[in-house]
Amino acid sequence: MTAVLPSRPAAPAVRPDRPVGGRLIDQFEYGLDAPICLTWELTYACNLACVHCLSSSGRRDPRELSTAEAEGVIDELQRMQVFYVNVGGGEPTVRPDFWHLLDYAIDHQVGVKFSTNGIKLDKARAAQLAATDYVDVQISLDGATAEVNDRVRGAGSFATATRALENLAEAGMKDFKVSVVVTRENAGQLDAFKALTDSFGAQLRITRLRPSGRGADVWDQLHPTQAQQRDLYNWLLANGDNVLTGDSFFHLSAFGEALPGLNLCGAGRVVCLIDPVGDVYACPFAIHENFLAGNVRDEGGFQRVWQQSELFADLRSPQTGGACTKCAHFDACRGGCMAAKFFTGLPLDGPDPECVQGYGESALAARDSERVAPKSHIDHSHSGPVRGQPTLLGFPSIPAKLCDESPLAGMA
Amino acid sequence: MTSAEPAAVIRDESAGAFDPDLAWQRARSVAMRPEPFGALVYHFGNRKLSFLKSKLLVSVVEALEQHPSVHATLAACEVPEAQRPAYVKALADLARSQMIERRELPA
């Protein structure tokens, strides 16, 4: 059985000219000279093995950018006036040069917002961050309780994250974030997440689960139900002003009212990803050869990839064809998330698999049974069992520490 | 530039009075990145991001520091009369998000 890859949107024979004036969103469809929001994953290494990891992280890649190469990328971002980057991984703080690169970026007017599971944020690091301007921290948490969180992120990960949050709060860090991927299991905890976040004086950020990386393996089981999507939409309308979303729920706008933020797919237009080995992809959720635009090590560096790659040029035009353009809600959701469609085996010019009008469900049901959803060949998952690994998939958990289980267990 | 709102201010919570009879300038902690449609404006202090949706508005923001008032700037940049209210509103939005700041005229 061969995997049939849904093709990228066909590039128009003549690329349409950028309109003058009009709405910002229409301008963004034609791309920018430099990204607004660049995600840079510094390493594929991670101490955790979250079941839904978008980058299938775990083991370091021997080809990862060296310190000097990473500094070169920062120099280039400064020249291009990319004012801040979202740094992630893997777990970025396990790179021995992470703290050096953080300072280097800030010294070069490239602000850093980094995502971490909190493993390295002890009291000393928290104090250091609190004293540093122009850095933002996001602690990942996928359950408002240890029970819900640890099933997907691994035993002990809730404790690690909340310890880091305590340290940051105690150090007087301002504006740090708690970053949540909304799943079927935590969708009912939004108010609890808000309360937990408030208790640390932090800000809540919630984003959408994508079937990317290992997320593809658990998407059927974890993506929110239609009813949960409706509740989430209503919750965002009521609370959206005080909650960050990374603009990732724009597909929910087709329920009626536009949500705050940019309601369009920014892939290759206003966002992109630099992965640990320097490969540039259209978006953080699209680590697949079909969305690979080039490498920062290539001649001309990142700037040339961003400004001249054929892939990005193809992505920088409005969608004109396909079933969605005929839908009354197209202007609200713009067909949804490219990566979500791609990794569920749906055509890119058709509905999002979570289309709130229900077209996604019928499209999923109508998929050719011979057709296999494309899978990324880039996988850095741990090859053996991981301490405290998640139990969602039914594997027995290895205790995070031996003392986590009663020393008398089994002896009675 | 025909839009009634030339600047899309992503976030603006701090209210500040905007008087177009006074002298203004691009805030010192603000950088402007040219874009095909205008510019992206970034404030290093409050990390707010705004967009200037026309090249003429970019010229206006850059020219503010050379003129004694907003009105004088708009005239010098040859902003058509009919569009000036929209430009004043856009600059008021930029003032609210601290992208432009008051400039004291030499006594």
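Keep in mind it's a predicted model, so treat the numbers as computed, not measured.

> Before we go on, may I ask you to explain the pattern of salt bridges in this structure?
Close approach of charged atoms lets side chains of opposite charge pair. Applying the stated criterion across every chain yields a total of 25 salt bridges over all chains. With a closest N to O distance of 3.0 Å, A:K194 and A:D198 form a salt bridge. Taken together, the positions of A:K194 and A:D198, both in helix 7 (residues 190–199) and four residues apart, correspond to about one turn of that helix. A relative accessible area of 42% places A:D198 in the partly exposed class. B:R26 is the partner of B:E62 in a salt bridge, and the nearest nitrogen-oxygen pair spans 3.3 Å. With B:E62 in helix 1 (residues 55–63) and B:R26 in strand 2 (residues 24–26), this pair connects stretches of sequence that are 36 residues apart. The partly exposed category is assigned to B:E62, whose relative accessible area is 34%. Sharing partners across several salt bridges, the network here consists of A:R23, A:D26, A:E29, A:D331 and A:R334.

> Looking at this model, I keep getting lost on unusual backbone geometry. Mind explaining?
The general pattern is negative phi for most residues beyond glycine and trans for most peptide bonds. Residues and elements named next belong to chain A. In this model, G89 is joined to G90 through a cis peptide bond whose omega is 20°. Locating G90 in the fold gives a position in the loop between strand 2 (84–89) and helix 3 (98–107). Here the phi dihedral of Y134 falls at roughly 75°; this positive angle occurs in a residue that is not glycine. With respect to the helices and strands, Y134 occurs in the loop between helix 4 (123–130) and strand 4 (135–140).

> Could you clarify how one ought to interpret the UniProt feature "domain: Radical SAM core" (unreviewed entry) in chain A in this entry?
In the numbering used here, UniProt assigns the "domain: Radical SAM core" (unreviewed entry) feature to residues 32–242 of chain A. Helix makes up 40% of residues 32–242 of chain A and strand 18%, whereas the separation of the span's terminal C-alpha atoms amounts to 28 Å.

> Looking at this structure, I do not really get the interface of chain A and chain B. What am I missing?
Accessible area lost upon the coming together of the parts is a frequently used measure of interface size. Counting residues at the interface gives 21 residues for chain A and 16 residues for chain B. Considering only the side of chain A, the residues that lose the most area to chain B are A:L24, A:F83 and A:Y134, jointly responsible for 33% of the buried surface there. At the boundary of chain A with chain B, the tally comes to one salt bridge. Here B:R47 and A:D136 are joined by a salt bridge, their closest N and O atoms 3.2 Å apart. Where chain A packs against chain B, one counts six residue pairs in polar contact (both at pLDDT 80 or more). Of all the secondary structure elements, the ones that give two or more residues to the side of chain A that touches chain B are helix 1 (24–28) and strand 4 of chain A. Considering each element in turn, the side of chain A that touches chain B owes the most residues, three residues, to helix 1 of chain A.

Calculation rules
Residues numbered from 1 in each chain as written. Chains lettered and ligands numbered in written order. Predicted model: local features only at pLDDT ≥ 70, side-chain atom pairs only at ≥ 80, totals over all residues. Heavy atoms only, no water. Salt bridge = Lys/Arg side-chain N within 4 Å of Asp/Glu carboxyl O. Helix = DSSP H or I, 4+ residues; strand = E, 2+ residues; numbered from the N terminus. Buried < 20%, exposed > 50% of the residue type's maximum accessible area, 1.4 Å probe, protein only. UniProt positions renumbered as here; feature names shortened; annotations may be inferred. Contact = heavy atoms within 4.5 Å. Buried area = accessible area lost by both parts, 1.4 Å probe. Polar contact = N/O pair within 3.5 Å; in protein donor to acceptor, adjacent residues only side chain to side chain.

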